[in-house]
Amino acid sequence: MEILTRAQAHRDGTSDEQLQRAVKRGELHRIAAGIYMRADHFRELDARARHRCAVMAAAETCGPGAIVSHASAAVMHGLDCGGLRLDTVHMTRSRPSGGRKGQTLHLHPAVVPPEEVVLIDGVATTSLARTFVDLARTTSFENAVVIGDCALRRGMRREDVDASLDHARGRLGMSRARVVAEFVEPGAESPGESISRVRMRDDGWPKPTLQHEIRHGGRFVGRVDFFWKEHGVVGEFDGMVKYRGDDPGRAVEREKLREDAIRDAGFEVFRWVWADLRDFERVRERFERACLRGAAR
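Residues numbered from 1 in each chain as written. Predicted model: local features only at pLDDT ≥ 70, side-chain atom pairs only at ≥ 80, totals over all residues. Heavy atoms only, no water.

Below, the discussion takes up the sheet that holds strand β1 (residues 4–5). Spatial ordering of the open sheet is given by β1-β3-β2, a layout of 3 strands whose pairing is antiparallel. Here the strands that pair on one side only, and so sit at the sheet edges, are β1 and β2 (28–32). Across 2 bridges, the pairing between β1 and strand β3 (residues 35–38) is antiparallel. For Thr-5, the partnering residue across the bridge sits in β3 and is Ile-35. (Pairing = 2+ DSSP bridges. Helix = DSSP H or I, 4+ residues; strand = E, 2+ residues; numbered from the N terminus.)

Shown next, in the form of structure tokens:
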């Protein structure tokens, strides 16, 4: 994405009046004061890409010493953050006080050690671990688990999380952040699987094994989303991402054959989709029926 600053425009011989006329004609989109982008490019962007534009603009206007953080850092790292609000850019200045919160910019005051800062596209951004801990402190448990599971899949190390938790000791929300840090796992491969794990936890389910490999007669049958060995039950969340790019009919047939092979291996299978997350009791009923069938084998 190409962002045009007022200073760049002036260097190219474009005046403020010309910039304003371009905005009025719909040729340029004004992202922030003195920060522009071609309007046709901006219209093609999704919410995450538009937020990234706003982050780049804020980095220009806030100047040196401001570090992209919280939800904005999650966007910069490319993490799953569908449950986070993206109407405000979050930046942190490494100092103990002096923050401010405006309509489109939240400037946090907090000490950020050098090892918790990385450069993304030339912009200082909190590390994966620091980003996760900041969000685990300040957003819902569910959102934080989605972020944390994704960050682990992207290479976040447990020892870095421990160090960030230690650096943030005494800050608001640290008790919850530690609980989230204990709960997150890289085996949840999508936001839907992460949210499902949270619902299972809240509903008192036995803890599943994630991404378990099923083998039968020495042959690999499949890798399943959720596995309860003691109940002989497999759970599969169908987020449809796994079928993207496939012929729908062929994908469904292949999945049916895979499910039959899992049952032949001695396990009961139940499934749920995004719509079921709104009423998780239906998922629990399917799990209980699968457990009964498994016990009757």
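Further remarks concern the pattern of salt bridges. When their charged atoms lie close together, side chains carrying opposite charge are able to pair. Under the definition given, this model contains 32 salt bridges. Between Glu-116 and Arg-130 there is a salt bridge, with its nearest N and O atoms 2.6 Å apart. Residue Glu-116 is found in the loop between β7 (105–109) and β8 (117–120), and its partner Arg-130 is found in helix α6 (residues 128–138); the two are separated by 14 residues along the sequence. By relative accessible area, Glu-116 is classed as buried at 2%. (Salt bridge = Lys/Arg side-chain N within 4 Å of Asp/Glu carboxyl O. Buried < 20%, exposed > 50% of the residue type's maximum accessible area, 1.4 Å probe, protein only.)

This part is about the side chain of Thr-126. When you line up the elements, Thr-126 lands in strand β9 (residues 123–126). Every residue in contact with Thr-126, bar those within four places of it in the chain, is listed here: Ile-67, Val-68, Ser-69, His-70, Ala-73, His-77, Glu-116, Val-118 and Thr-131. (Contact = heavy atoms within 4.5 Å.)

The next thing to look at is the sheet that holds strand β11 (residues 219–228). Read across the open sheet, the 4 strands follow the order β10-β11-β12-β13; overall the sheet is mixed. Because the sheet does not close on itself, it has two edges, and the strands there are β10 (209–216) and β13 (268–273). With strand direction ignored, the average angle separating the axes of adjacent strands in the sheet is 45°. As paired elements, strand β12 (residues 233–238) and β13 share 6 bridges and run parallel to each other. Counted as the bridge partner of Val-234 is Val-269 from β13. Helix α10 (residues 191–202) contacts β10, β11, β12 and β13 of the sheet and is inclined by roughly 50° relative to β11. The sheet contacts of helix α12 (residues 280–296) involve β11, β12 and β13, and relative to β13 the element is tilted by about 170°. (Axes fitted to C-alpha atoms, helices over the stretch in contact; angles between N-to-C directions.)

This brings us to the nonpolar core. Among soluble globular proteins, nonpolar side chains are generally buried collectively. In this structure, Phe-132, Ile-147, Met-156, Val-161 and Val-180 are the most contacted members of the largest nonpolar core, which totals 30 residues. No other element matches helix α7 (residues 141–153), which puts 7 residues into this core. Contacts of Phe-132, omitting those with residues within four sequence positions, involve Ala-144, Ile-147, Gly-148, Met-156, Val-161, Val-180, Ala-181 and Val-184. In this structure, Ile-195, Met-200, Trp-205 and Phe-270 belong to the second largest nonpolar core, which totals 18 residues. (Core = buried A, V, L, I, M, F, W, Y, C linked by side-chain atoms within 4.5 Å.)

Pairing of β8 with β9, which is carried by 4 bridges, proceeds in the antiparallel orientation. If you follow Leu-119 over to β9, its bridge partner there is Ala-124. Here β8 folds back onto β9 in antiparallel fashion, the turn holding 2 residues, of which Asp-121 has a positive phi close to 50°.

Despite not being glycine, His-70 has its phi angle at roughly 55°, a positive value. Turning to its location among the elements, His-70 is positioned in helix α5 (residues 70–77). Non-glycine residue Asp-121 carries a positive phi angle of around 50°.

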